[in-house]
Amino acid sequence: NAGVTQTPKFRVLKTGQSMTLLCAQDMNHEYMYWYRQDPGMGLRLIHYSVGEGTTAKGEVPDGYNVSRLKKQNFLLGLESAAPSQTSVYFCASSYSIGAATEELFFGEGSRLTVL
Amino acid sequence: QKEVEQDPGPLSVPEGAIVSLNCTYSNSAFQYFMWYRQYSRKGPELLMYTYSSGNKEDGRFTAQVDKSSKYISLFIRDSQPSDSATYLCAPGDNFNKFYFGSGTKLNVKP
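This structure is a prediction, so every number in the text was calculated from the model and none was measured.

What counts and what doesn't
Residues numbered from 1 in each chain as written. Chains lettered and ligands numbered in written order. Predicted model: local features only at pLDDT ≥ 70, side-chain atom pairs only at ≥ 80, totals over all residues. Heavy atoms only, no water. Helix = DSSP H or I, 4+ residues; strand = E, 2+ residues; numbered from the N terminus. Rg over C-alpha atoms; globule rule 2.2 N^0.38 Å. Buried < 20%, exposed > 50% of the residue type's maximum accessible area, 1.4 Å probe, protein only. Contact = heavy atoms within 4.5 Å. Buried area = accessible area lost by both parts, 1.4 Å probe. Salt bridge = Lys/Arg side-chain N within 4 Å of Asp/Glu carboxyl O. Polar contact = N/O pair within 3.5 Å; in protein donor to acceptor, adjacent residues only side chain to side chain. Pairing = 2+ DSSP bridges. Core = buried A, V, L, I, M, F, W, Y, C linked by side-chain atoms within 4.5 Å. Axes fitted to C-alpha atoms, helices over the stretch in contact; angles between N-to-C directions. Phe/Tyr/Trp six-rings, centres within 6.5 Å; stacked < 30°, edge-to-face > 60°.

S.K.: Help me out: how do you make sense of the overall build of chain B in this one?
M.R.: Per the secondary structure count, chain B includes 0 helices and 10 strands. In summary, chain B has a C-alpha radius of gyration of 13 Å against a globular reference of 13 Å for 110 residues, a match within 12%. With respect to the principal axes defined by its C-alpha atoms, chain B has extents near 40 × 25 × 20 Å. Taking all 110 residues of chain B together, 47% fall into the buried category. Sequence-distant contacts, at least 24 apart, represent 54% of the contacts inside chain B between residues at least 6 apart.

Dropping the structure here:
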């Protein structure tokens, strides 16, 4: 049981380049989230999804797009990377029908540097 | 005003000490209160979960919620070097959205 898997784990981009982070979960969770974590800022919600085919904006959505074409996958895209997007990105999933808690299960993180 | 305020530390204590970690929040709609523990270069993992005001104990850990003052606490008894990590409070609403504090970095010295 892999839980939540993020790829890639590390990436260096130049300003203006684009890339996609992939998140996959094997727990049949309904909800999936993308957070970014910066020093002193904690985890901030970028976008989230409450089910296959749905997405919604979080606290800091600008500069990012997401898609949830399959229930188990949640993609985060950067169309034109900026140095301000240098961060550690975490994917999380939660909620299966009948679950006892609303626990978030996190991936190991993807470290992105934009030069 | 941030949704959740948390003292970033770092907090350094000797092994065996009692540790108190605290958060305040502003949204009275929060119903769920979680504490996550994050080891260096890892994703956060759920440590404690409470619903509504009151105390919840799990081994050496006690989570306390006071909804009237919007105050969340985590107490660690007999702290161990393995407790060295960053602790994130995360209150949540009824729509499965959680708002994280900035985290308190704890170092327990042997």
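That covers the picture; the talk isn't over yet.
S.K.: Help me understand the interface of chain B and chain A, please; the structure alone is not making it clear to me.
M.R.: Contacts between the two partners involve 19 residues from chain B and, on the opposite side, 22 residues from chain A. At the boundary of chain B with chain A, total buried surface from both sides reaches about 1800 Å², with 55% on carbon and sulfur atoms. When the buried surface of chain B facing chain A is broken down by residue, R41(B), N96(B) and F100(B) rank first, second and third, together holding 30% of it. Notably, a salt bridge pairs K42(B) with E108(A), separated by 3.4 Å at the nearest N-O pair. Linking chain B with chain A are 3 residue pairs in polar contact (both at pLDDT 80 or more), by the criterion used here. If you list the elements that add at least two residues to the side of chain B that touches chain A, you get β4 (32-38) and β5 (45-51) of chain B.

S.K.: Explanation requested: the pairing of strand β3 (residues 19-25) of chain B in the structure shown.
M.R.: Strand residues, when the strand is regular, have side chains that alternate between the two faces of the sheet. All names here are of chain B. Only one face of β3 is covered, namely the face carrying V19, L21, C23 and Y25; the face carrying S20, N22 and T24 is uncovered. Alignment of strand β1 (residues 4-6) against β3, held across 3 bridges, turns out to be antiparallel. Its bridge partner lying in β3, E5 is registered against T24.

S.K.: Where do I start with the side chain of S87(A) in this structure?
M.R.: All names here are of chain A. Inspection of the secondary structure puts S87 in strand β9 (residues 87-94). At 3.0 Å, the side chain of S87 forms a polar contact with the backbone oxygen of Q37. Discounting chain neighbours no more than four positions away, the residues touching S87 are R36, Q37, D38, S110, R111 and L112.

S.K.: I tried to follow the nonpolar core on my own but got confused; where do I start?
M.R.: Soluble globular proteins tend to bury their nonpolar side chains together. All names here are of chain B. Counting 24 residues, the largest nonpolar core has W35, L74 and Y87 as its most contacted members. Listed by contribution, the elements that provide at least two residues to this core are β3, β4, β5, β7 (61-66), β8 (71-76), β9 (85-92) and β10 (104-109). Tallying contributions element by element places β3 first for this core, with 4 residues. Here L74 is in contact with V19, S20, L21, W35, L47, M48, F61, T62, A63 and Y87, once residues within four sequence places are set aside.

S.K.: Help me understand the environment of R60(B) in this model?
M.R.: All names here are of chain B. Among the structural elements, R60 can be located in the loop between β6 (54-58) and β7. Residue R60 is classed as partly exposed on the basis of its relative accessible area of 25%. With 41 residues separating them in the primary sequence, R60 and V19 have C-alpha atoms 10 Å apart. Among all residues touching R60, those that are not within four sequence positions of it are F75, I76, R77, D78, S79, Q80 and D83. Only 2.8 Å separates the side chain of R60 from the side chain of D83, close enough to count as a polar contact.

S.K.: Looking at this structure, I do not really get the sheet that holds β3(B). What am I missing?
M.R.: In sheet architecture, strand pairing relies on hydrogen bonds along the backbone and comes in two forms, parallel and antiparallel. Residues and elements named next belong to chain B. Taken together, the 5 strands give an open sheet; going across it, the order is β1-β3-β8-β7-β6, and neighbouring strands pair in antiparallel fashion. Only two strands of the sheet have a single partner each, and these edge strands are β1 and β6. The average angle at which neighbouring strand axes cross in this sheet is 15 degrees, direction not considered. For β7 and β8, the ladder comprises 6 bridges, and the chain directions are antiparallel. Among the inter-strand pairings, T62 is bridged to a residue of β8, identified as F75.

S.K.: Sorry if this is basic, but what is going on with the packing of aromatic side chains here?
M.R.: The geometry of an aromatic ring pair comes down to the distance between the two centres and the angle between the two planes. What the rule picks out here adds up to 15 aromatic pairs over all chains. Pairing Y35(A) with F106(A) gives two aromatic rings, centres 5.9 Å apart and planes at 45 degrees, and the pair type is tilted. Of this pair, Y35(A) sits in strand β4 (residues 31-38) while F106(A) sits in strand β10 (residues 105-106), and the two are 71 residues apart along the sequence. Grouping residues by exposure puts Y35(A) and F106(A) together as buried. Ring centres 6.3 Å apart and planes at 85 degrees place the aromatic pair F90(A) and F106(A) in the edge-to-face group. Here F90(A) is found in strand β9, whereas its partner F106(A) is found in strand β10, with 16 residues between them in sequence. According to the relative accessible area criterion, F90(A) is buried, its value standing at 2%. Members of the aromatic cluster, each reached through a chain of ring pairs, are Y33(A), Y35(A), Y48(A), F90(A), F106(A), Y36(B) and F100(B).

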